[in-house]
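Summary of structural features
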Amino acid sequence: MYLDNNWYGNRYILSKYCNTKDTPALVSIQHGMLLSKFYESDPILEKKVFGKRSFSLFFPWLVWNDILFEKTQEFKSKNVITIGAPIIYLDKILKKKKFSKPKGTLIFPSKSAWGVNMEVDYSKIYNFIKKKYKPPFTIAVSYFDLKRIFKIRHDFKNCKFVTFGKRNNKFFTLKLYKYLREHRSTVSFYPGSPILYSLFLRKKTYYFPERFLKNVSGKFFTEKNTIELKKIKKEDILIENIIKKEYSIDLSNLNKKKDFINADIALGKNRMKNPKFIKKILGWDSIFKIILGSLLYYIMNLKNYFNPFLPRRNNEKKN
């Protein structure tokens with residue numbers, strides 16, 4: 001049982017797919033792109049991520065695709081189930097829903113998060129984009145960047161800034177999906193999940209290995225900005241190479257037919273399960289499991305609240 005099973009609205013999406021009430025579930029759900037080879041340089045961390053988990057016999061880990069599943073089996077991890085990414089279920093739900101006619105370009109710059117402050121040079125991104133792509137432009141930013149955006153938003157013509165909310169916002173992925181559907185193309189300045197989502201929705205998708213970062217700071221970084229920027233660049237290159245090796249997707253040359261198909265595989269479209277199976281695995285087919293899940297969720301929230309090493313997120317306690 002993990003607090004993250006409704007990050008980005010994952011559990012909410014599955015509840016809609018199952019046509020049932022969204023209640024705490026006895027599972028952990030993969031909530032972003034996870035690459036099986038990313039942690040190979042750190043065997044201890046690799047084992048922690050993919051190895052045996054506490055209470056694994058009772059609480060399944062739901063992952064996106066077969067490559068990740070096979071990685072967990074190298075470490076003899078139990079009760080790992082491949083179901084595909086939540087966005088494929090959302091697409092199934094909303095496939096026939098009418099959205100605004102696609103136009104313009106949706107942009108994904110680096111984003112700040114709790115403990116991570118990424119100061120992006122939006123002016124350079126804007127000047128770069130407007131020379132290559134068609135307006136209107138929409139720049140997707142983190143909730144944590146809004147204060148900075150509020151001060152500069154009027155400096156960009158034919159361009160707007162949007163956020164999908166905090167990670168505990170159950171409509172997060174729904175908002176992301178809507179903006180993806182309503183744009184003709186997407187441009188990402190970091191190698192992350194939006195690239196796979198965009199390809200999955202058959203959008204013209206572009207990636208540029210330039211984050212346009214002015215500064216990066218936070219509790220997870222040193223005070224030496226140059227060192228951290230080099231580290232981020234190095235990790236980006238590593239991710240690019242792994243995506244190419246694991247999924248045969250070359251981020252420097254996207255939009256071929258095979259890229260769309262391989263994005264489907266990376267997101268586990270071929271492992272999508274039916275509503276009956278999802279209800280059972282999340283414990284929504286049993287009153288006892290629903291009550292137990294709610295009780296454990298309350299206890300873990302309480303434990304999280306009183307942990308001095310974790311942030312106090314009073315407004316994030318409700319999912």
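Coordinates for the structure precede this section.
Now for a quick tour of the structure. Note that the structure is predicted; figures quoted are calculated from it, not measured. Every chain begins its residue count from 1, and numbering advances along the sequence as written. Where local features are concerned, this predicted model is filtered to residues with pLDDT of at least 70; where side-chain atom pairs are given and counted, the filter is 80 or more; whole-chain, interface and lining totals use all residues. For the side-chain quantities, the full set of heavy atoms in the structure was used; hydrogens and water were omitted.

1. Some thoughts on the packing of helix α1 (residues 10–18) against helix α4 (residues 86–94)
Helix axes are fitted only over the stretch in contact, all axes being lines through C-alpha atoms; the angle between N-to-C directions runs from 0 to 180 degrees. Each helix corresponds to a stretch of at least 4 residues labelled H or I by DSSP, and each strand to a stretch of at least 2 residues labelled E; elements are numbered beginning at the N terminus. Two elements in contact, α1 and α4, have axes whose closest approach is 9 Å; the angle formed by their N-to-C orientations is 40°. As far as their axial angle goes, α4 and α1 are oblique. Along this stretch, α1 crosses α4, giving a crossing that reads as left-handed. Side by side, α1 and α4 meet where Asn10, Ile13, Leu14, Lys16 and Tyr17 of the first sit next to Pro86, Tyr89, Leu90, Lys92 and Ile93 of the second. Every angle not falling under 35 degrees, over 145, or within 65 to 115 is termed oblique; those three ranges are roughly parallel, roughly antiparallel and roughly perpendicular. The crossing is said to be left-handed when, going from far helix to near helix, the turn is anticlockwise and less than a right angle, and right-handed when the turn is clockwise. Contacts were defined at the residue level, with two residues in contact if any of their heavy atoms lie within 4.5 Å.

2. A look at the nonpolar core
Side-chain atoms within 4.5 Å link the members of a nonpolar core, which is a set of buried Ala, Val, Leu, Ile, Met, Phe, Trp, Tyr and Cys residues. The classification of residues rests on relative accessible area computed with a 1.4 Å probe and restricted to protein chains. Under 20% of the type maximum is buried, over 50% is exposed, and intermediate values are partly exposed. Counting 52 residues, the largest nonpolar core has Ile249, Leu267 and Leu282 as its most contacted members. Every element with two or more residues in this core is listed here: α1, α4, β4 (105–108), α7 (172–181), α8 (193–200), α9 (225–247), α10 (257–266) and α11 (275–281). The contacts of Leu282, once residues within four sequence positions are left out, are Arg11, Leu14, Ala25, Leu26, Val27 and Leu62.

3. Considerations on empty space enclosed by the protein
Regions of empty space are outlined by a rolling probe, equal in size to a water molecule, passed over the atoms. A pocket here means an open set of points on a 1 Å grid, computed over the protein atoms alone, that has protein on both sides within 12 Å along at least five of seven lines. A cavity is instead a set of points where a 1.4 Å probe fits but cannot get out; residues with an atom within 4 Å of a point line either one. Grid points are joined across faces, edges and corners, and a volume is the space filled by probe spheres set on the points. Taken as a whole and judged by the stated rule, the model has two cavities of 30 Å³ or more. Approximately 30 Å³ is the volume found for the second largest cavity. Looking at the second largest cavity, the residues that line it are Gln30, Met33, Leu34, Trp64, Asn65, Leu196, Tyr247 and Ala266. We call Asp, Glu, Lys and Arg charged. Ala, Val, Leu, Ile, Met, Phe, Trp, Tyr, Cys and Pro are nonpolar, and the rest, Gly among them, are polar. Here the residues of the lining of the second largest cavity are counted per class, giving six nonpolar, two polar and no charged.

4. Focus: the sheet that holds β4
By definition, two strands form a pair when at least two bridges between them are found by DSSP. Across the sheet, five strands lie side by side as β7-β6-β4-β8-β9; this open sheet has parallel pairing. The open sheet has two edge strands, β7 (159–163) and β9 (204–207), and neither has a second partner. For this sheet, the mean inter-axis angle between neighbouring strands, taken without regard to orientation, is 20°. Here β4 pairs with strand β6 (residues 137–141) via three bridges, running parallel. What sits directly across from Leu106, in β6, is Thr138. The sheet contacts of α7 involve β4, β6, β7 and β8 (185–188), and relative to β4 the element is tilted by about 135°.

5. Regarding the side chain of Thr205
Note on placement: Thr205 falls in strand β9. Assessed through its relative accessible area of 1%, Thr205 is described here as buried. Once you skip the residues sitting within four places of it in the chain, Thr205 turns out to touch Thr186, Ile195, Ser198, Leu199, Leu254 and Asn255.

6. Some details on a positive patch on the surface
Nonpolar side chains (Val, Leu, Ile, Met, Phe, Trp, Tyr) within 5 Å and like charges within 9 Å form the patches, drawn only from residues with over 30% relative accessible area and no salt bridge. Accessible areas in this description were obtained via Shrake-Rupley with a 1.4 Å probe; residue shielding takes into account the shown protein chains only. Salt bridge criterion: a side-chain nitrogen from Lys or Arg within 4 Å of a carboxyl oxygen from Asp or Glu. Positive charges come from Lys and Arg, negative ones from Asp and Glu, while His and the chain ends are left out of the count. In plain terms, the charge of a residue is placed at NZ if it is Lys, CZ if Arg, CG if Asp and CD if Glu. A cluster of basic residues, Lys47, Lys52, Lys76 and Lys78, forms a positive patch on the protein surface. Tracing the backbone shows Lys52 in the loop between α2 (43–50) and β2 (61–63). With a relative accessible area of 66%, Lys52 lands in the exposed category.

7. Describing the environment of Lys204
Along the polypeptide, Lys204 turns up in strand β9. Residue classification places Lys204 among the partly exposed residues on the basis of a relative accessible area of 45%. Between the C-alpha atoms of Lys204 and Leu254, which are 50 residues apart in sequence, the distance is 8.2 Å. Those residues in contact with Lys204, other than ones at most four positions away along the chain, are Arg184, Ser185, Thr186, Ser198 and Asn255.

8. A few points about the pattern of salt bridges
In total, this model carries 15 salt bridges according to the counting rule given. Ionic pairing is found between Lys214 and Glu119, a salt bridge with its closest N-O pair at 3.8 Å. Residue Lys214 is located in strand β10 (residues 213–217), and its partner Glu119 is located in strand β5 (residues 117–120); the two are separated by 95 residues in the primary sequence. Relative accessible area serves as the criterion here: at 45%, Lys214 is assigned to the partly exposed category. When its relative accessible area of 25% is taken as the criterion, Glu119 is described as partly exposed. Asp250 is paired through a salt bridge with Lys244; the nearest N and O atoms lie 3.9 Å apart. With a relative accessible area of 47%, Lys244 lands in the partly exposed category. When salt bridges that share partners are traced, they join Lys37, Glu40, Glu46, Lys71 and Glu74 into one network.

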